[in-house]
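One letter stands for each residue in the lines below.
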Amino acid sequence: MNLKVEEKNGVVIILVKEERLDAHNSGDLKGTMQGLFLEGKKNVLVDLYDVRFIDSSGLGALVSGFKNAISNQGNLKLSGLQPQVKSMFELTRLHRVFEIFPSSTDALENF
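Residues numbered from 1 in each chain as written. Predicted model: local features only at pLDDT ≥ 70, side-chain atom pairs only at ≥ 80, totals over all residues. Heavy atoms only, no water.

Draft legend 1. Seen up close, the overall build of the protein. The helix and strand inventory of the protein stands at four helices and seven strands. Reading the protein from its N end, one meets helices and strands in the order β-β-β-α-β-β-α-β-α-β-α. Radius of gyration (C-alpha) of the protein: 12 Å, near the 13 Å computed for a compact globule of 111 residues. For the protein, the spread of C-alpha atoms along the three principal axes comes to 30 × 25 × 25 Å. Sequence separation of 24 or more characterises 69% of the internal contacts of the protein that already satisfy a separation of 6 or more. With the model as given, the accessible surface of the protein reaches about 5900 Å², and the carbon-plus-sulfur share is 46%. (Helix = DSSP H or I, 4+ residues; strand = E, 2+ residues; numbered from the N terminus. Rg over C-alpha atoms; globule rule 2.2 N^0.38 Å. Contact = heavy atoms within 4.5 Å. Areas by Shrake-Rupley, 256 points an atom, 1.4 Å probe, with all protein chains shown as cover.)

Draft legend 2. Structural detail: the side chain of N68. Mapped onto the fold, N68 is located in helix α2 (residues 56–71). Excluding residues that lie within four positions of it along the chain, N68 makes contacts with Q34 and F37.

Draft legend 3. The packing of aromatic side chains, seen in detail. Counted under the stated rule, the structure contains two aromatic pairs. For the pair F89 and F98, a centre-to-centre distance of 5.8 Å together with 80 degrees between the ring planes defines the contact as edge-to-face. Side by side, F89 and F98 carry an identical accessibility label, which is buried. Chaining the aromatic ring pairs together yields one cluster made of F66, F89 and F98. Positioned above the aromatic ring of Y49 is the side chain of R52, whose terminal nitrogen or guanidinium carbon lies 6.0 Å from the ring centre. Looking at K77, its charged tip hangs above the ring of F111, at a distance of 4.5 Å from the centre. (Phe/Tyr/Trp six-rings, centres within 6.5 Å; stacked < 30°, edge-to-face > 60°. Buried < 20%, exposed > 50% of the residue type's maximum accessible area, 1.4 Å probe, protein only. Lys NZ or Arg CZ within 6 Å of the ring centre and 35° of its normal.)

Draft legend 4. The packing of helix α1 (residues 26–38) against α2, seen in detail. Packing of α1 against α2 leaves a shortest axis separation of 9 Å and a crossing angle of 5 degrees. Viewed along their axes, α1 and α2 adopt a mutual orientation that is roughly parallel. Here α1 contributes S26, L29, K30, M33, Q34 and F37 to the contact with α2, which in turn contributes S57, G58, A61, L62, S64, G65, N68 and A69. Here the residues of the contact of α1 with α2 sort into six nonpolar, seven polar and one charged. (Axes fitted to C-alpha atoms, helices over the stretch in contact; angles between N-to-C directions. Parallel < 35°, antiparallel > 145°, perpendicular 65-115°, else oblique. Nonpolar A, V, L, I, M, F, W, Y, C, P; charged D, E, K, R; others polar.)

Draft legend 5. View of the pairing of strand β6 (residues 75–79). β6 sits mainly inside the fold: four of its five residues count as buried. Where strand β4 (residues 43–47) and β6 come together, five bridges link them in parallel fashion. Counted as the bridge partner of D47 is S79 from β6. Sheet topology places β6 next to strand β7 (residues 99–101); three bridges connect them, and they run parallel. Counted as the bridge partner of L78 is I100 from β7. What joins β6 to β7 is helix α3 (residues 83–91), and the crossover it makes is right-handed. (Pairing = 2+ DSSP bridges. Right-handed = clockwise from strand over helix to strand, strands pointing away.)

In structure tokens form, the structure reads like this:
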């Protein structure tokens, strides 16, 4: 999976550079998030700007990351959801669970 990880102002940003977040690649994202929280990182932002499709495996990876964040006294926020991805979050009611921002800039201001 093509992930770019960078750190700004104490927040680790994971840029998902894939058009699809599905069963074929969601395990990589899940492992990356888990590793960051195990390293002691507290604030993680997943930027989904390039993602055009997400399935239940992709959603599951993000929920797993959210649970890891909570158990490690951290925060996981999302940004850049495209309309198709945003509709999946609304359909599954996950937009009520995650803090979702239009852009990574907006999200960084809220950590």
